[in-house]
Amino acid sequence: MTDKMIGITETVLRDAHQSLMATRMSTNDMLPIIEKMDKVGYFSLECWGGATFDAAIRFLNEDPWDRLREIRKRAPNTKLQMLLRGQNLLGYRHYADDVVDKFVEKSVENGIDIFRIFDALNDVRNLEASLKAVKKYGGHAQLTICYTISDVHTTPYFVELAAEMEEMGANSICIKDMAGILTPHVAKELVHAIKNEISVPLSIHTHATSGTSHMTYLAAVEAGADIIDTAISPFAEGTSQPPTETMAICLNEGERKTTLAVPLLEEIADYFKPIRDKYLANELLNPKVMGSDPKALIYQVPGGMLSNLLSQLKQANATDKYDEVLKEVPRVRSDLGFPPLVTPMSQMVGTQAVFNVLAGERYKMVPNEIKEYLRGSYGKTPVPVTEEFRKSIIHDDTVITDRPANHIPSEFQRLKEELGSLARTDEDVLTYALFPQVGKEFLEKKYHLQEKNDPINKEDKKENEVIRISATM
Ligand code: PYR
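All values derive from a computational prediction rather than experimental measurement.

*Asks:* Explain the pairing of strand 1 (residues 7–10) residue by residue, including any values.
*Replies:* Taking every second residue as pointing to the same face, both faces of strand 1 are buried, with G7 and T9 on one and I8 and E10 on the other. One ladder, built from four bridges, connects strand 1 with strand 8 (residues 227–230); its direction is parallel. In the sheet register, G7 faces strand 8, and the bridge partner there is I227. Where strand 1 lies against strand 2 (residues 44–49), two bridges are found, and the strand directions are parallel. Bridge pairing in strand 2 links E10 to L45.

*Asks:* Lay out the environment of R69 with the relevant residues and their values.
*Replies:* Considering the arrangement of structural elements, one finds R69 in helix 4 (residues 64–74). Residue R69 is classed as partly exposed on the basis of its relative accessible area of 30%. Sequence spacing of R69 and M345 is 276 residues, and the spatial spacing of their C-alpha atoms is 31 Å. Excluding its chain neighbours within four sequence positions, the residues that come into contact with R69 are N110 and E427. A distance of 2.7 Å separates the side chain of R69 from the side chain of D66, its partner in a polar contact.

*Asks:* Tell me what's going on with the site of the ligand, and back it up with residues and numbers.
*Replies:* Around the ligand, the neighbouring residues are R14, Q18, G50, A51, L83, R85, F118, K176, V342 and T343. Separating an oxygen atom of the ligand from a side-chain N or O atom of R14 is a distance of 3.1 Å. Between an oxygen atom of the ligand and a side-chain N or O atom of R85, the distance comes to 2.7 Å. Protein burial of the ligand: of its 210 Å² of free accessible surface, 93% is covered by the chains. Tallied by class, residues from the shell around the ligand come to four nonpolar, three polar and three charged.

*Asks:* Break down the pattern of salt bridges for me, citing the residues and quoting the values.
*Replies:* Tallied over the full model, the rule gives 33 salt bridges. Between E267 and K36 there is a salt bridge, with its nearest N and O atoms 2.6 Å apart. Of this pair, E267 sits in helix 11 (residues 262–281) while K36 sits in helix 2 (residues 27–37); the two residues are 231 residues apart in sequence, bridging distant segments of the chain. E267 gets classed as partly exposed once you look at its relative accessible area, which sits at 38%. When its relative accessible area of 30% is taken as the criterion, K36 is described as partly exposed.

*Asks:* Kindly report on the side chain of T258, identifying the contributing residues and their values.
*Replies:* When you line up the elements, T258 lands in the loop between helix 10 (244–252) and helix 11. Within polar-contact distance, the side chain of T258 engages the backbone nitrogen of L260 at 3.3 Å. When sequence neighbours within four positions are dropped, the list of residues in contact with T258 reads M5, I6, I8, A248, L251 and N252.

*Asks:* Lay out the nonpolar core in plain terms, naming residues and giving numbers.
*Replies:* Grouped together as the largest cluster of nonpolar side chains are 105 residues, with contacts concentrated most on F103, I204, F235 and F272. Each of domain 1 (5–288) and domain 3 (408–465) contributes no fewer than three residues to this core. With residues up to four places along the chain from it excluded, the contact list for F235 reads V12, A16, L20, M21, M25, S240, F272, I275, R276, Y279 and L285. Core analysis: the second largest hydrophobic core is formed by 36 residues, L313, L336, L341 and Y373 among them.

*Asks:* I'd like a rundown of the sheet that holds strand 2, residues and numbers included.
*Replies:* The strand order around the closed barrel formed by eight strands is 1-2-3-4-5-6-7-8, and the pairing between neighbours is parallel. Mean inter-strand twist for the sheet, computed between neighbouring axes without regard to direction, equals 30 degrees. Here strand 5 (residues 140–146) runs beside strand 6 (residues 172–176); their pairing, made up of five bridges, is parallel. Bridged to I145 within strand 6 is I175. The sheet strands contacting helix 4 are strand 2 and strand 3 (80–84), and the helix crosses strand 2 at an angle near 165 degrees.

*Asks:* Can you explain helix 9 (residues 213–222)? Please cite residues and give values.
*Replies:* All of the buried residues in helix 9 are S213, T216, Y217, A219, A220 and V221. Buried residues along helix 9 sit against helix 8 (184–197), strand 7 (202–205), strand 8 and helix 10. Just downstream of helix 9, G224 is the residue with a positive phi angle, here 115 degrees.

*Asks:* Summarise the packing of helix 2 against helix 11; cite the residues concerned and give the values.
*Replies:* Running from amino to carboxyl end, helix 2 crosses helix 11 at an angle of 175 degrees, the nearest separation of the two axes being 10 Å. With respect to each other, helix 2 and helix 11 are oriented roughly antiparallel. Contact residues: N28, D29, M30, P32, I33, K36 and M37 in helix 2; L264, E267, I268, Y271, F272, I275, K278 and Y279 in helix 11. When grouped by side-chain class, the residues that make up the contact of helix 2 with helix 11 number ten nonpolar, one polar and four charged.

*Asks:* How would you explain empty space enclosed by the protein if you had to name every residue and give the values?
*Replies:* Applying the stated criterion to the full structure yields two cavities of 30 Å³ or more. Roughly 60 Å³ of internal volume is contained in the largest cavity. As for the largest cavity, its lining consists of R85, N88, H94, F118, D119, A120, L121, T343, P344, M345 and Y378. A class-by-class count of the residues in the lining of the largest cavity yields six nonpolar, three polar and two charged. Both of domain 1 (5–288) and domain 2 (301–401) provide at least three residues apiece to the lining of the largest cavity.

So, how was this worked out
Residues numbered from 1 in each chain as written. Predicted model: local features only at pLDDT ≥ 70, side-chain atom pairs only at ≥ 80, totals over all residues. Heavy atoms only, no water. Buried < 20%, exposed > 50% of the residue type's maximum accessible area, 1.4 Å probe, protein only. Helix = DSSP H or I, 4+ residues; strand = E, 2+ residues; numbered from the N terminus. Pairing = 2+ DSSP bridges. Contact = heavy atoms within 4.5 Å. Polar contact = N/O pair within 3.5 Å; in protein donor to acceptor, adjacent residues only side chain to side chain. Near = heavy atom within 4 Å. Areas by Shrake-Rupley, 256 points an atom, 1.4 Å probe, with all protein chains shown as cover. Nonpolar A, V, L, I, M, F, W, Y, C, P; charged D, E, K, R; others polar. Salt bridge = Lys/Arg side-chain N within 4 Å of Asp/Glu carboxyl O. Core = buried A, V, L, I, M, F, W, Y, C linked by side-chain atoms within 4.5 Å. Domains from an automatic or database assignment. Axes fitted to C-alpha atoms, helices over the stretch in contact; angles between N-to-C directions. Parallel < 35°, antiparallel > 145°, perpendicular 65-115°, else oblique. 1 Å grid on protein atoms, 1.4 Å probe; cavity = no way out; pocket = protein on both sides within 12 Å on 5 of 7 lines; lining within 4 Å. Points joined across faces, edges and corners; volume = space filled by probe spheres on them.

Shown next as structure tokens:
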């Protein structure tokens, strides 16, 4: 790949199905095509991390570490990439530094080359431990800016952040537009300004949610972006990324070409079409999320967050409050100092907005995570929260102002002991560390099934099959 060429990160194995169908693609649907994908010439194959770990153990009854090893075996020539939530790893709280170190070590050992690392608040202190570990174990650290729109999230703010990330030792930098709200003219200005400031490659990640993404990529590439994220067409568009084939064909007509073997892309698309149709028939994939919705530009809320809000309201029998909740989201975000709406902030802001509307009084009910956020446990807010607001929620509780993980004692050994006989490998301990309840249940099932060969086990196996089939419907 020369400087002028554009690298493509293919997302079908991670973000595309996370964004379109709640991360339910099974390993069995992935593996038969990996050898072909390995010949395409992608910059990288995003295939792990984000919500895939949680969904694998919670819904698919699959070991995510096995998935990674199986993909690695079949893709010896392609860099494998994962999305890592900084100090949150793949979970929803901050973990101790020793767990971060072990997680990165095992991810490298099992096959990950490139770590796209972000922090929901863009607090770079929350990237330090994972960056250090990625360097220690020989991976590529792609430090990531969560793109959002507010009075403080300006081009100079993002440029300064990019420069800081390069200074910290990033091997590349990514602008992550999870809500699909980066418009072409802004992308052009932003990419241009950042490229003037940094010398490591710049990757752009967007979603087709609002309908601007193809234009945004073209503008970003023309302004000097080095890598873009796309999804093979059957799993492209809507809340996913623009189609790989379309972007490759269009870009190849210009000065800056991709490195992709386009004829192979057609074969890969043909492989994924019936898989997409199966998930459509099973209603795991809803055709509604495959179109574009320009309203996303107004609400600036990621597609996954919209569907979560709707499902929370359904559970409360209050879908008529949807518009009211959507209007409450920006108000909560403003109270909290304009956090970007990305995991775990999107869930936290969304839940608080739902509570505020359903309780009929703002902040009458406040989730613990929001209280922790106000105590500084998630890091520095983009804009300071007013003391009046903070005190109204957490009164005189102590507020942390240094790196939150400084306050978390080492925990790997304790977790290993807690897991006891189920801790057969370090990977098992990490599964348990990230998801104590679901992870433990998963490991119990896994080892119980492997070891027992009696009638009870056969019953369990049957039950297991049912779980698996219903999860992929
Ligand atoms: C995740 O954290 O899973 C995202 O896709 C942002």
